Protein chains: 2
Amino acid sequence: MRRLKCLVAYDGTDYSGFQVQPEQTTIQGEIEAAIRRITGETVQIVGSGRTDAGVHAYGQVIHFDTASTIPVEKWRFVLDNQLPPAIVIRSVEAASSDFHARFDVKMKEYRYCIDNGLVPDLFRHRYADHHRHPLDEARMQDAASRLIGEHDFTSFCSAKTFVENKVRTIFDVQVKRDGQFVWIMCRGNGFLYNMVRIIAGTLCEVGEGKRQPEEITAMLAARDREQAGKTAPAKGLTMWEVFYE
Amino acid sequence: MRRLKCLVAYDGTDYSGFQVQPEQTTIQGEIEAAIRRITGETVQIVGSGRTDAGVHAYGQVIHFDTASTIPVEKWRFVLDNQLPPAIVIRSVEAASSDFHARFDVKMKEYRYCIDNGLVPDLFRHRYADHHRHPLDEARMQDAASRLIGEHDFTSFCSAKTFVENKVRTIFDVQVKRDGQFVWIMCRGNGFLYNMVRIIAGTLCEVGEGKRQPEEITAMLAARDREQAGKTAPAKGLTMWEVFYE
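Note that the structure is a prediction, hence the values are computed from the model and not measured.

## Considerations on the interface of chain B and chain A
Thought 1: Tallying the contact residues gives 15 residues for chain B and 15 residues for chain A.
Thought 2: When residues of the side of chain B that touches chain A are traced back to their parent elements, those giving at least two are strand S1 (2–10) and strand S4 (87–95) of chain B.
Thought 3: When the residues that make up the side of chain B that touches chain A are grouped by side-chain class, the tally is 11 nonpolar, 2 polar and 2 charged.

## Considering the relation of the copies chain B and chain A
Thought 1: Screw-axis analysis of chain B against chain A gives a translation of 0.0 Å along the axis, an RMSD of 0.0 Å, and a rotation angle of 180°. This pairing of chains is accounted for by a two-fold axis.

## Let's talk about helix H1 (residues 27–39) of chain A
Residue and element names in this part refer to chain A.
Thought 1: The end-to-end C-alpha distance of H1, which contains 13 residues, comes to 18 Å, matching closely the 18 Å that a straight helix rising 1.5 Å per residue would cover.
Thought 2: Here H1 has its buried residues at Ile27, Ile31, Ala34 and Ile35. When H1 is viewed along its axis, its buried side chains cluster within an angular range of 100° and face the same direction.
Thought 3: Here the buried face of H1 lies against strand S1 (2–10), strand S3 (56–66), helix H2 (72–81) and strand S4 (87–95).
Thought 4: Positive backbone phi, at 85°, marks Gly40, one or two positions downstream of H1.

## Details of the pairing of strand S9 (residues 181–188) of chain B
All names here are of chain B.
Thought 1: Note that strand S5 (residues 107–115) and S9 share 8 bridges and pair antiparallel. Bridging from a neighbouring strand, Arg111 pairs with Met185 of S9.
Thought 2: Alignment of strand S8 (residues 167–178) against S9, held across 8 bridges, turns out to be antiparallel. Its bridge partner being in S9, Ile170 is matched across the sheet by Gly188.
Thought 3: Counted along the chain from S8 to the antiparallel partner S9, the turn is 2 residues long, and its residue Gly179 has a positive phi close to 65°.

## So, the packing of helix H3 (residues 137–145) of chain A against helix H4 (residues 195–207) of chain A
All names here are of chain A.
Thought 1: It is the contact of H3 with H4, at a shortest axis distance of 8 Å, that shows an interaxial angle of 130°. Between H3 and H4, the angle falls in the class oblique. Considering the relative orientation of H3 and H4, their crossing is right-handed. In contact with Glu137, Arg139, Met140, Ala143 and Ala144 of H3, H4 contributes Leu203, Val206 and Gly207.
Thought 2: Residues of the contact of H3 with H4, tallied by class, amount to 5 nonpolar, 1 polar and 2 charged.

## A short note on the domain arrangement of chain A
Thought 1: Domain assignment breaks chain A into domain 1 (2–95) and domain 2 (107–243).
Thought 2: Each of domain 1 of chain A and domain 2 of chain A was reduced to a C-alpha centroid, and the two centroids are 27 Å apart.

## Some details on the environment of Tyr127 of chain B
Thought 1: Along the chain, Tyr127 of chain B falls in the loop between S5 and strand S6 (129–130).
Thought 2: Judged by local crowding, Tyr127 of chain B falls into the buried class, with 22 C-beta atoms found within 10 Å.
Thought 3: Residues Tyr127 of chain B and Val72 of chain B, 55 residues apart in the sequence, show an inter-C-alpha distance of 32 Å.
Thought 4: The contact partners of Tyr127 of chain B, leaving out residues within four places of it in the chain, are Phe123 of chain A together with His56, Cys113, Lys235 and Thr238 of chain B.

Reading guide: rules and limits
Residues numbered from 1 in each chain as written. Chains lettered and ligands numbered in written order. Predicted model: local features only at pLDDT ≥ 70, side-chain atom pairs only at ≥ 80, totals over all residues. Contact = placed C-beta atoms within 7 Å. Helix = DSSP H or I, 4+ residues; strand = E, 2+ residues; numbered from the N terminus. Nonpolar A, V, L, I, M, F, W, Y, C, P; charged D, E, K, R; others polar. Least-squares fit on C-alpha atoms with pLDDT ≥ 70 in both. Expected span 1.5 Å × (residues − 1). Buried ≥ 20, exposed ≤ 12 C-beta atoms within 10 Å, placed from the backbone. Arc of directions from axis to C-beta. Pairing = 2+ DSSP bridges. Axes fitted to C-alpha atoms, helices over the stretch in contact; angles between N-to-C directions. Parallel < 35°, antiparallel > 145°, perpendicular 65-115°, else oblique. Left-handed = near helix turned anticlockwise from the far one by under 90°. Domains from an automatic or database assignment.

Structure below.
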């Protein structure tokens, strides 16, 4: 047996998220079915983390074990070729048998894309949330910087979550304008359920002038989901990169 | 009554083409339903031409007549707001009562996009056809230039067409590489059924080395669909711009 590590990009539009669920079409389900067609093996792939329905990935990382003798350098093409165009295998490499795509994560980067044009860009409509009111990205950056550090992110987490410990560390949040798009780039050691989408929704309210950047500190301290802004739509969110040792 | 001219972009992925068809979701059907919700009028919009199922538009032009008193400058937002994100109203302007979106067309530009990367670009998978074998765009341009002029394009037209006169004029065909993408930009006074997709499929065969650029002349002369290349997939095609007087 040997362990393979794959870098996977996917368009989440038509999927019920990453994780296998009964009666649903999921990214994990599609990849496991592709491996079954290739090697005949029933494997369970392990991702760096789940993504919700409608959320995309540019740099999701997965691992799985296989007894197949297909050379590593052929795997990228062979696997990609068995998948629909909405799932792209960017690379496949041999990993040590103790590599774990979820447990070994040191940092993750998510990006949230807002189309801030008066006329939205058609070719980005599936990957960006259209927000026609002008956003002040300097105000958004001011607010975003107040999220950096180790905090209890209860206010920025769906009330439906079952996780007990809501302390996470955000290493960096950058808000950048690129033409009519505003990107929120968020790096942390882990993210709670809906956390980046709630951060994005809150930063949009700051960018529109409905909230002050200074309010972030009180929102964090309140540990109350009601204090933060709305949850931004899934389609603007992309799991961008996963960092290991 | 007054006539409005609209510039419309759409993602054809989930539509059965532009033109209204029973039991199908079409671009025309969506726009007419949106106008009905806004003004209460049952209008029939006129497009510069149809697009097939799965084909996109960046600059489709339509016209329609309305008795509504909504100011012209409000129409773009009002109409766009009633449409799904896959249909974008780029502009709305008043047109003279004798303007006709189809009859007055002088030239149209279609663009065909090929993703020629070994690893396809996920975010373009709905708008480009992935072609992993390296394409020689200089050879493709050599072939493309032989299509320019007035010709009988029977060889580059679906055999299923009912149009009698298959003479059209191509003013220009440009083949340009932009990173891992190869764009075919085709301007003409009109295009037959599947014409740009057959041109794209044929140019790919030239770009791969399976055909010679010089063969184009004989293909045209043969007036036989069997002589040209395959029909490239719908998803790579976009109606880019429509030109009037």
